[in-house]
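Topology and contacts: notes
Each chain, letter by letter, is given below.
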Amino acid sequence: MRSTTPRAALRRAAGGFAAAGLLAAGSLALTAPAQAAAPEFTLGGPAETALHPYPATGAPQKASLDFTVNNPSEDEENGAFEGEYTVRFDLSGIKGVADVAFDKEGSADCSVSGTSAVCHDWGIFPGLSTLAKLDVTAAKGSEDGDTGAIEVTAEADGATFTSFTARIGIGGPDLSMERLPFRTELKTGDTQPVPVTFTNNGTRAAEGVLLTLRYTRGMEFTERYRNCEYSESDGGMGSPGAWTTALCSFDGSYEPGVAYTLAEPPAIRATERAFYDSFLYRVEEDGSAARAGQRAGAKYSAGKGATLALRKAPAALAADLDPSDNQQEVDFQTSNTADFAAYGDRAKGAEGDSVAVKVGFRNRGPAWIGYIRSGEDVATVDVTVPEGASVVAKPESCRGVTAAGEYREDQTGAPRYFCSTPMSVREDADFALPFELKITKVVEGASGKVVVRNPFLQDPKLRFDPEPANNTASLVLNAKDSGTGDSGATTGDGDTGSSSTGTTGTTGSTGSTGSTGGSGDSGVTSGGGSTGSSSSGSTGGDSGGGLAATGSVALMTGAAAAVALVAGGVLYTVSRRRAAH
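So, here's what we can say about the structure.

This brings us to the overall build of the chain. The number of helices and strands found in the chain is 2 helices and 40 strands. The burial tally for the chain puts 51% of its 581 residues in the buried class. Of the roughly 25,500 Å² that the chain leaves accessible, carbon and sulfur atoms contribute 51%.

In structure tokens form, the structure reads like this:
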């Protein structure tokens, strides 16, 4: 349960003083103000949990259940409920089926008495919060197939709660995925089989299985199968189509103690886009809940190829009752390059005018670049403002710095801006950054600079980029040849920038193609639309650092935001606040 914060305590104190003031003034008021509607909170947790049967020897294996409360308010500062509340757990439904105990670290002020448990706390903040953590084990004397339920309710003055039911069962299927021995250092065009194999280590057969295959943009399967459905998403990485998910259904009964493998292993290939890529393969019992969890609201379309089939494997795998073994992941690194070509712009105006310019870079490919594990920015666009101009509006992903690249408090009028990309950039991306400049002094031919570089200022080289010469372009104001209708300045990638003449409020044309957000938003425009990034700073480089982090790909998020594979899947949620580029 969430403990009281100093901010909450101060607000409660302020509320008390305010209430005292209202009481003092109450005799002067003829009518009381209307009461606000009582907030409604939703209780939640795992809807169904299967427990390992009580063992003949040794201690029973426990499962940890997190119970939550959701405050739907979107007001982070003022949306908290600041009052006491009580949560009650009715355990009578699992008597003789399961035993429970509160995890002391995850549960504050909770106690169990007979077939009920009670927790007390103060304050419910906006969003999802943990109420309590229960450790649940099969009860001695319970049998395979026994079921029960925990009923969760809550109460508080001035608030209502939606109750929740958590169903508990003894035994069931337990599908464990074998880790495959992939080659991870690849060249474009390399293909290798994916002989997915799993075992049912549970106590009962799985009635149908759902196989999830999830892979990033640089990889693809050589065939799309009839019994699979496919969807693409950005997966919280800031690039449309960064992830493809295939959900493959298999009917039939999959017996305990038996291993199964794909009759004809599909093949996965490193495409011409491949650079850093990831592949996830997961198995679970099929059903509406599993399918809805993996779909996560995305739209899917069926494949039109052959039917993917399962058969019994020659021998069972070693037993492993860890539920996390339902899923395995592998990262690939492909020998490839991506050419990031900067472009600038030019504009013309009189002293006091505001002009719009657009700068950025295009990825000429062939590779897409995605830092899947670390979540680092792929690159930084470093913009130096021309003499005689001051920035009055900038993209949200850009932060003003001093001329030397050091911290600066005031974000408008800075001589230089560092603009962060997302954690991925597609092979066809146009990363366009709109700025509004005010001309404070007319300087003929005043020229600034646009550089696309590594997020580390001290190590600016993009190691995946084979053409460093086009990483720099010019931002020019009031050039001699500039004027309405002029062809403009040549940019770093050989494209022609546009000219704009402006008075305050005019919008200049751009030297880039594709759409982009307005002021306050930076876009990566690609075949699938534009996405933005609001991160600032970086701690990682642009090459190997993208895969240096270990552990599961973390739902996404991320980017993110993410995209989530439920029940052990991927959540891409990236925290990328850094001190300096």
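Turning to its location among the elements, S278 is positioned in strand β22 (residues 276–285). In this structure the side chain of S278 is engaged in a polar contact, spanning 3.0 Å, whose partner is the side chain of D331.

What follows deals with the packing of aromatic side chains. Under the defined criterion, the tally for this structure stands at 22 aromatic pairs. Plain terms: the ring middles of F198 and Y254 are 6.3 Å apart, the flat faces sit at 55° to each other, and that makes the pair tilted. Taken together, the residues F198 in strand β15 (residues 197–200) and Y254 in strand β19 (residues 243–254) connect sequence positions 56 residues apart. Residue classification places F198 among the buried residues on the basis of a relative accessible area of 2%. Here Y254 falls in the buried class, since its relative accessible area comes to 8%.

Here we take up the sheet that holds strand β14 (residues 191–193). Strand order in the open sheet formed by 3 strands is β14-β21-β17, with antiparallel pairing between adjacent strands. If you trace the sheet from one side to the other, it starts and ends with β14 and β17 (219–221), each paired once. The average undirected angle you get between the axes of adjacent strands in this sheet is 25°. Pairing between β17 and strand β21 (residues 267–270): 3 bridges, direction antiparallel. Counterpart to E220 in the pairing with β21 is R269.

Time to look at the state of the cysteines. Taken as a whole, this structure holds 3 disulfides when the rule is applied. Through a disulfide, C228 is tied to C248; the S-S separation comes to 2.0 Å. Residues C228 and C248 are joined through a disulfide that is right-handed, its torsion about the S-S bond being 110°. Remark: C248 occurs in strand β19 and C228 occurs in strand β18 (residues 228–233); sequence separation between them is 20 residues. As far as the burial class goes, C228 and C248 line up, both buried. Cysteine pairing in the chain follows 1-2, 3-4, 5-6, where each cysteine in a disulfide is numbered by its order in the sequence.

Below, the discussion takes up the sheet that holds strand β25 (residues 327–335). The strand order across the open sheet formed by 7 strands is β13-β25-β22-β16-β19-β18-β23, and the pairing between neighbours is mixed. At either margin of the open sheet sits one strand with a lone partner, and together these are β13 (185–187) and β23 (301–302). The pairing of β22 with β25 spans 7 bridges and is classified as antiparallel. Among the inter-strand pairings, Y281 is bridged to a residue of β25, identified as Q328.

Another point: the pattern of salt bridges. Taken as a whole and judged by the stated rule, the model has 18 salt bridges. A salt bridge links D382 to R416, with the shortest nitrogen-to-oxygen separation between them at 2.7 Å. Within this pair, whereas D382 is found in strand β30 (residues 380–384), its partner R416 is found in strand β33 (residues 416–420), the two being separated by 34 residues in sequence. Of the two residues, D382 and R416, neither departs from the other in class, the shared state being buried. As a salt-bridge pair, D459 and R463 come within 2.2 Å of each other at their nearest N and O atoms. A relative accessible area of 47% places R463 in the partly exposed class. Here the salt bridges share partners, and the residues they tie into one network are E329, D331 and R373.

If you look at the biggest cluster of nonpolar residues, it comprises 38 residues, and the most contacted ones within it are F340, I369, F435, L437 and F464. Going through the elements one at a time, β26 (338–343), β28 (354–366), β30, β31 (389–393), β33, β35 (430–439), β36 (446–453) and β37 (472–477) are the ones with two or more residues in this core. Tallying contributions element by element places β35 first for this core, with 5 residues. Ignoring any residue separated from it by four or fewer positions in sequence, one finds F435 in contact with V355, A356, V357, V359, V383, V391, A393, K394, P395, C398, Y417 and C419. With 35 residues, the next largest nonpolar core counts F198, Y215, F221 and C248 among its residues.

The next thing to look at is the pairing of strand β1 (residues 40–44). Across 3 bridges, β1 lies against strand β10 (residues 160–162) in parallel orientation. In the strand pairing of β10, E40 is matched with T160. By the bridge criterion, 3 bridges tie β1 to strand β3 (residues 63–71) in an arrangement that is antiparallel. Among the inter-strand pairings, G44 is bridged to a residue of β3, identified as T68.

Turning to unusual backbone geometry, a few remarks are in order. Between G365 and P366 the backbone carries a cis peptide bond, its omega angle lying at 5°. Looking at the element boundaries, P366 is found in strand β28. For N478, which is not glycine, the phi torsion reads 55° and is therefore positive. By the secondary structure assignment, N478 is in the loop between β37 and β38 (501–502).

Conventions we followed
- Each residue is numbered by its place in its chain's sequence as written, counting from 1.
- Only residues with pLDDT of at least 70 are given local features in this predicted model, and only at 80 or more are side-chain atom pairs given and counted; all residues enter the totals for whole chains, interfaces and linings.
- Hydrogens and water are ignored here; the side-chain numbers use all heavy atoms of the structure.
- By definition, any uninterrupted DSSP run of H or I lasting at least four residues is a helix, any uninterrupted run of E lasting at least two residues is a strand, and each is numbered from the N terminus.
- Exposure is judged per residue with a 1.4 Å probe applied to protein chains only, and the accessible area is read against the type maximum: over 50% gives exposed, under 20% gives buried, and values in between give partly exposed.
- Residue burial considers only the protein chains on display, and all accessible areas are found by Shrake-Rupley using a 1.4 Å probe.
- Whenever a nitrogen or oxygen atom comes within 3.5 Å of another N or O atom, the pair is scored as a polar contact, on the condition that within protein one atom can donate a hydrogen and the other can accept it, and that pairs from neighbouring residues in sequence are kept only if both atoms are in side chains.
- Between rings of Phe, Tyr and Trp, where Trp is taken as its six-membered ring, a pair exists when centres lie within 6.5 Å; planes separated by under 30 degrees are stacked, by over 60 edge-to-face, and by other angles tilted.
- A pair of strands is labelled paired if DSSP reports no fewer than 2 bridges between them.
- Fitted lines through C-alpha atoms serve as axes, helices being fitted only where they are in contact, and the angles separating the N-to-C directions of these axes extend from 0 to 180 degrees.
- Cysteine sulfur atoms are paired as a disulfide whenever they fall within 2.5 Å.
- When a carboxyl oxygen of Asp or Glu is within 4 Å of a side-chain nitrogen of Lys or Arg, the pair counts as a salt bridge.
- Note on terminology: a nonpolar core comprises buried Ala, Val, Leu, Ile, Met, Phe, Trp, Tyr and Cys residues joined through side-chain atoms within 4.5 Å.
- Contacts are assigned to residue pairs that have any heavy atoms within 4.5 Å of one another.

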